[in-house]
Amino acid sequence: MRKLFYSVLLIITIISCKNQKPVAKGYQGQGKNAVVSTVSKPVQKQWKGIWTFDNETTFFSNDFESGRLNGITSDGNNHYTALITAENTPVNVSPWYAFKVWSKTPKTITIKMTYQDSRSRYYPKISTDGQNFTPLDSANFTGINKGTGDFGIKAVPEIVEIKINSSEEPTYITAQELYGSTRVKNWIDSLSTKPFISTYEIGKSREKRAMNLMEVSNGEHKKAVMVISRQHPPEVTGFLAMKSFIETLSGDSPKAQKFRDNYDLFVVPLMNPDGVDNGNWRHNMGGIDLNRDWQDFNQPETRSVRDFLIKKESEGYEFVFGADFHSTWDDIYYPIDTTITGKKGKIVFDWINNIAERLPQKHTNVKPSKDIKPTMVSRNYFYVNHGMPAIVFELGDNTPRDFLKEKGKVAAEELMDLLDNQN
């Protein structure tokens, strides 16, 4: 009888294990993108300037590239309430903020951060020079109405209060590091001192800012890699990984030199210069999510890249790989399923696997898509219209910055190896 009991128990255990689904690990990504109109909509352009309080002894300002502070009130006793609103609605819940504070005499102030129809997505970064940022000391951070879960807007506090030591030297308080159009252009220009790198305009944004493209080329090649970044202004971690990726491809290593002997590299590091400089949550100054405009091309920013790609193809170029760098709640890859791309798209999955083998310390989910029409997003347009295997490469908002740099470097090295094997 006992033997029969244990036999039945064993069978039940085996069946239950067989039917058990694997537990999902980490951020699972967003759902299917809705098809939306990309015809321009009105945008509320924020006022930029300086607010003064306490008999002109305490000051707040949003008057710099990427600044965002829509209102600030004094509640007494060195307590202030900041209001952060979006450029227009509906909008993805990415409440970007960036402002600076200073006072004539040193003191500790408390700032209550409030958001329009959103919660506190980005953990505050602090800087005294607008260039070098560190996360706010957690002892000076208080979440109010804390969220639940691990990812998404519901998982973060509704409101936060932060304490800042204010003095005559301004302190920057930002959602992420500041990389406005001037700083990005300075980075491009610093690389362009190399003889095989050039930069030029391929168009203008809605507010007539330059759409700058960086070209890495040392010969008359007809194969190329296309890279874009910052379609969405707050997505700085994607930009930082892209920055390391490009620096590695244009570096001095034998591997990079061999890559440039066979391929050209075209980069648009700042797809949305207006949105970035105006401190927008998501959209360009046409009030549109640019990564929904790769079907109808109603916005000048996407048209600039479309026209560039068409021009290069007319010159005989074959685009062998495309990457669009973004940020989200945690690292995740969005390739096109190989049931759609076949053998041509296998390089994207080989690339993902090779990166994972070299960086096992951080798990990154993969969410392939079988939906390629309407093209709407850059990855689909790249593949459908130009035949290039492409991916949306997303980095987490809070991914450690040293890891971002390493991931960009490793991603570049693995791509160079795979492309080398194709020659």
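In the block above lies the structure referred to throughout.
Notes on the structure in this doc start here. Not measured: the values here are computed from a predicted model.

Let's talk about the nonpolar core
By size, the foremost hydrophobic cluster in this structure holds 81 residues, and its most contacted members are Phe60, Ile111, Phe245, Ile246, Phe321 and Trp351. Among the elements that make up this core, the one with the highest residue count is helix α10 (residues 401-422) (nine residues). Excluding anything up to four places from it in sequence, isoleucine 246 contacts Trp187, Leu191, Met214, Val227, Leu265 and Val267. Counting residues in each nonpolar core, the second largest holds 20 residues, with Ile202, Met226, Ile228 and Phe308 among its members.

Comments concerning the packing of aromatic side chains
All chains considered together, the criterion is met by 28 aromatic pairs. Each ring, one from phenylalanine 60 and one from phenylalanine 99, has its centre 6.3 Å from the other, and the planes form 45°; the classification is tilted. A residue pair is termed long-range when its members are at least 10 positions apart, and phenylalanine 60 in strand β2 (residues 58-61) and phenylalanine 99 in strand β5 (residues 98-103) qualify at 39 residues. As far as the burial class goes, phenylalanine 60 and phenylalanine 99 line up, both buried. Relative to tyrosine 263, the ring of phenylalanine 259 lies with its centre 5.6 Å away and its plane at 20°, an arrangement referred to as stacked. Note on accessibility: phenylalanine 259 and tyrosine 263 belong to one class, buried. One aromatic cluster is present, built from ring pairs that chain together Phe245, Phe321, Phe325, Tyr333, Trp351 and Phe393.

Considering the sheet that holds strand β13 (residues 210-216)
As summarised here, the arrangement of the eight strands in space is β12-β13-β15-β14-β16-β19-β17-β18, forming an open sheet in which the pairing is mixed. Each end of this open sheet is capped by a strand with a single partner; those strands are β12 (197-204) and β18 (365-366). Pairing of strand β14 (residues 223-229) with strand β15 (residues 264-268), which is carried by five bridges, proceeds in the parallel orientation. Considered in β15, the bridge of isoleucine 228 is made with valine 268. Contacts from helix α9 (residues 378-386) reach β14, β16 (318-328), β17 (332-335) and β19 (390-396), with the element oriented near 165° to β19. In the packing of α10 onto the sheet, the strands contacted are β14, β16, β17 and β19, and the crossing angle to β19 comes to about 160°.

With respect to the pairing of β5
The two faces of a sheet get side chains in turn, since along a regular strand they alternate between them. For β5, the tally of buried residues reaches six of six residues, placing the bulk of the element in the interior. On β5, burial covers both faces: Ala98, Lys100 and Trp102 on one face and Phe99, Val101 and Ser103 on the other are all buried. In terms of strand pairing, β2 meets β5 through four bridges, oriented antiparallel. In the sheet register, threonine 58 faces β5, and the bridge partner there is serine 103. Bridge count between β5 and strand β11 (residues 171-174): four bridges; the pairing is antiparallel. Bridge pairing in β11 places phenylalanine 99 opposite isoleucine 173.

Overview of the sheet that holds strand β3 (residues 71-76)
Ordered in space as β3-β4-β6-β10-β9, the five strands form an open sheet in which the pairing is mixed. Every interior strand has two partners, whereas the edge strands, β3 and β9 (141-144), have only one. Strand-to-strand twist in this sheet, taken as the mean axis angle between neighbours without regard to direction, amounts to 25°. Strand direction decides the pairing type here: β3 and strand β4 (residues 79-84), joined by five bridges, are antiparallel. Within β4, the residue paired with serine 74 across the bridge is tyrosine 80.

Some thoughts on unusual backbone geometry
Omega for the peptide link from threonine 89 to proline 90 comes to -5°, which places this bond in the cis form. Of note, proline 90 is situated in the loop between β4 and β5. Omega for the bond connecting lysine 373 with proline 374 falls within 30 degrees of zero, at 0°, which places this linkage in the cis form. Relative to the assigned elements, proline 374 resides in the loop between β18 and α9. Positive phi values are uncommon outside glycine, yet asparagine 145 reaches one of about 55°. Residue position: asparagine 145 is located in the loop between β9 and β10 (159-166).

Regarding the environment of asparagine 423
Counting through the fold element by element, asparagine 423 comes out in the segment after α10. In sequence terms asparagine 423 and asparagine 262 are 161 residues apart; their C-alpha atoms lie 8.4 Å from each other. What asparagine 423 contacts, discounting residues up to four positions off in sequence, is Lys223, Asn262 and Tyr263.

Calculation criteria
- Residues numbered from 1 in each chain as written.
- Predicted model: local features only at pLDDT ≥ 70, side-chain atom pairs only at ≥ 80, totals over all residues.
- Heavy atoms only, no water.
- Core = buried A, V, L, I, M, F, W, Y, C linked by side-chain atoms within 4.5 Å.
- Buried < 20%, exposed > 50% of the residue type's maximum accessible area, 1.4 Å probe, protein only.
- Helix = DSSP H or I, 4+ residues; strand = E, 2+ residues; numbered from the N terminus.
- Contact = heavy atoms within 4.5 Å.
- Phe/Tyr/Trp six-rings, centres within 6.5 Å; stacked < 30°, edge-to-face > 60°.
- Pairing = 2+ DSSP bridges.
- Axes fitted to C-alpha atoms, helices over the stretch in contact; angles between N-to-C directions.

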